[in-house]
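Close look at the chain arrangement
Take a look at the letters that make up each chain.
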Amino acid sequence: MSSLLWALLAVAICAAMLYVASIIEPHWVAKDGKRFLTTSEVVDRFGTSVGRRREVRGTIMDDGRILLGRRSLLRTQSTLFRVRGKSPQLSRGRHQYVLEQIPPDPDGDLVILRIPTSSKLAARFDELAEAAQA
């Protein structure tokens, strides 16, 4: 009986660790506020997710463009984006910013960056989103 309880306890602990690992999202911002690490997701023009969330490294250029780098198997792919807007709803305490590729993607795919509300990067992206709306 006790071995069954230990087995159930081990399964419950593994399930709890798997849940905690699934909700943790990486985030980092450099002291200058121009380089960052966060998660992104590609969506189509209808808002349907095309792939899974991925970790991306980004750099905000002086002119407001954003260079995002994503690791693939053996190399890093970098692409230029500009902020198109900000989603009005929060998702688990994170702002969502919609980015479009430069030059525009013929398929109409967009990238959504997820940035925590407590991050100093959120204020910078708010400025870029307001400039895009104007």
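Structure first, text after, so check above.
Criteria and thresholds
Throughout, residues of each chain are indexed from 1 in the direction in which the sequence is written. With pLDDT at 70 or above as the cut-off, local features in this predicted model cover only qualifying residues; side-chain atom pairs require 80 or more to be listed or tallied, and sums for whole chains, interfaces and linings still use all residues. Excluded from the side-chain calculations are hydrogens and water; all other atoms, namely the structure's heavy atoms, are used. Secondary structure elements are defined from DSSP: runs of H or I of at least 4 residues count as helices, runs of E of at least 2 residues count as strands, and each element is numbered from the N terminus. Both definitions apply: the radius of gyration is a C-alpha atom measure, and the globule rule equals 2.2 Å times residues to the power 0.38. The buried label applies to any residue whose accessible area, calculated with a 1.4 Å probe on protein chains only, is under 20% of its type's maximum; exposed applies above 50%, and partly exposed to all values in between. Any two residues whose heavy atoms approach within 4.5 Å are treated as being in contact. Here the open area of atoms and residues is found with the Shrake-Rupley method and a 1.4 Å probe, where only the protein chains shown may cover a residue. Counted charges follow a simple rule, with Lys and Arg positive, Asp and Glu negative, and His plus the chain ends left uncounted. The atom standing in for a charge is NZ when the residue is Lys, CZ when it is Arg, CG when it is Asp and CD when it is Glu. Residues belong to one nonpolar core when they are buried, are Ala, Val, Leu, Ile, Met, Phe, Trp, Tyr or Cys, and are joined through side-chain atoms within 4.5 Å. Any pair of Phe, Tyr and Trp rings, taking the six-membered ring for Trp, is counted once the centres come within 6.5 Å. Such a pair is stacked with planes under 30 degrees apart, edge-to-face with planes over 60 apart, and tilted for the rest. Helix span is expected to be 1.5 Å times the residue number reduced by one. A carboxyl oxygen of Asp or Glu within 4 Å of a side-chain nitrogen of Lys or Arg is what we treat as a salt bridge. In short, DSSP must find at least two bridges between two strands for them to pair. Exposure above 30% relative accessible area and no salt bridge define the residues that can form patches, which grow by joining like charges within 9 Å and nonpolar side chains of Val, Leu, Ile, Met, Phe, Trp and Tyr within 5 Å.

**Notes on the overall build of the protein**
Helix and strand counts for the protein come out as 2 helices and 7 strands. In the protein, the succession of helices and strands from N to C terminus is α-β-β-β-β-β-β-β-α. Over its C-alpha atoms the protein spans a radius of gyration of 18 Å, topping by over 25% the 14 Å that the globule rule assigns to 134 residues. Taken along its principal axes, the extent of the C-alpha atoms in the protein is 65 × 30 × 30 Å. Looking at the protein residue by residue over its 134 residues, the buried ones come to 32%. Considering only contacts in the protein between residues 6 or more positions apart, those separated by 24 or more positions represent 41%. Summed over all atoms, the accessible surface of the protein reaches about 9000 Å², with 59% contributed by carbon and sulfur. Charged side chains in the protein number 20 positive and 14 negative. The centres of these two groups are separated by 6 Å.

**Looking at the nonpolar core**
If you look at the biggest cluster of nonpolar residues, it comprises 18 residues, and the most contacted ones within it are Phe36, Ile66, Leu68, Leu99 and Phe125. Contributing elements (two or more residues each) for this core: β3 (54-60), β4 (66-71), β5 (76-86), β6 (94-101), β7 (110-116) and α2 (121-133). At 5 residues, α2 tops the list of elements feeding residues into this core. Ignoring anything within four residues of it in the chain, the contact list for Phe125 reads Phe36, Ile60, Ile66, Val83, Tyr97, Leu99, Leu113 and Ile115.

**Thoughts on the packing of aromatic side chains**
Scanning all chains against the criterion turns up 2 aromatic pairs. Judged by centre distance (5.2 Å) and plane angle (40°), the ring pair of Tyr97 and Phe125 falls under tilted. Here Tyr97, found in strand β6, pairs with Phe125, found in helix α2; they are 28 residues apart in sequence, far enough to count as distant. Grouping residues by exposure puts Tyr97 and Phe125 together as buried.

**Description of helix α1 (residues 2-23)**
In a regular helix each residue adds 1.5 Å, so 22 residues correspond to 32 Å; α1 covers 32 Å between its end C-alpha atoms and thus fits that length. When you tally the buried positions in α1, you get 0 out of 22 residues, a small fraction of the element.

**Overview of the pattern of salt bridges**
Evaluation of the coordinates by the stated rule reveals 9 salt bridges. Of the charged contacts in the structure, one is a salt bridge between Asp63 and Arg65, with a shortest N-O distance of 2.7 Å. Linked by salt bridges that have partners in common, Glu25, Glu41, Arg53, Arg94 and Arg114 make up one network.

**A closer look at the pairing of strand β2 (residues 35-43)**
In terms of residue burial, β2 counts as a mostly covered element, since 7 of its 9 residues are buried. Across 2 bridges, strand β1 (residues 28-29) lies against β2 in antiparallel orientation. When the bridges of β2 are listed, Trp28 appears paired with Leu37. The loop that links β1 with its antiparallel partner β2 comprises 5 residues; one of these, Gly33, has a positive phi angle of about 80°.

**Description of a nonpolar patch on the surface**
Together, Met1, Leu4, Leu5 and Leu8 line one region of the surface with nonpolar side chains, adding up to about 480 Å² of accessible area. Relative to the elements of secondary structure, Met1 occurs in the segment before α1. Judged by its relative accessible area of 76%, Met1 is exposed.

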